[in-house]
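Chain by chain, the residues run as shown.
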Amino acid sequence: QVQLVESGGGLVQAGGSLRLSCAASGRTFTYDYMGWFRQAPGKEREFVAAINWDSDSTYYADSVKGRFAISRDNAKNTVYLQMNIMKPEDTAVYYCAAAVGRRTPRQLVRTSVYDYWGQGTQVTVSS
């Protein structure tokens, strides 16, 4: 079975930083896009950021632009989410996802275009 496993979540004060990691396990696959989503209690899962594996192009939700950065390590088949200047509204379970095949930037905000999902890691930001 192929798995995506998130790590790096935890508790941080407002204004602080965290870095999340998502590593693939099992069979090796080539992913065209990898993304991060988050889901707060009682709310829908929302898009955070995505990266094109080949071009390294990145895409961000307006709410995190200038604060978060997505990156990848090809050799480790790992994607990262660096989160800076964190706010209480960033509190959520964060999920990584991978998409295989052609996608448009506009499509990347939709959960339905991703083929694989991790189990999530909790991020809590205190005031």
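Everything below is about the structure printed above this text.
What you see is a predicted model, and the numbers here were worked out from it, not measured in a lab. (Residues numbered from 1 in each chain as written. Predicted model: local features only at pLDDT ≥ 70, side-chain atom pairs only at ≥ 80, totals over all residues. Heavy atoms only, no water.)

Undergrad: How should I be thinking about the state of the cysteines in this particular structure?
TA: In a disulfide, the sulfur atoms of two cysteines are covalently bonded to one another. Applying the stated criterion to the full structure yields one disulfide. Across the disulfide from Cys-22 sits Cys-96; the S-S distance is 1.9 Å. Judged by the sign of its S-S torsion, about 50°, the cystine formed by Cys-22 and Cys-96 is right-handed. Highlighted residues: Cys-22 in strand 3 (residues 18–25) and Cys-96 in strand 9 (residues 92–99), separated in sequence by 74 residues. Each member of the pair, Cys-22 as well as Cys-96, carries the same accessibility label: buried. (Disulfide = S-S within 2.5 Å. Helix = DSSP H or I, 4+ residues; strand = E, 2+ residues; numbered from the N terminus. Buried < 20%, exposed > 50% of the residue type's maximum accessible area, 1.4 Å probe, protein only.)

Undergrad: Looking at this structure, I do not really get the pattern of salt bridges. What am I missing?
TA: Note on pairing: side chains with opposite charge can pair once their charged atoms come close. Counted by the stated rule, this structure contains six salt bridges. Between Arg-72 and Asp-56 there is a salt bridge, with the nearest N and O atoms lying 3.6 Å from each other. One end of the pair, Arg-72, is in strand 7 (residues 68–73); the other, Asp-56, is in the loop between strand 5 (46–52) and strand 6 (58–60), and 16 residues separate them in sequence. Each member of the salt-bridge network shares a partner with another, and the members are Arg-38, Glu-46, Arg-67 and Asp-90. (Salt bridge = Lys/Arg side-chain N within 4 Å of Asp/Glu carboxyl O.)

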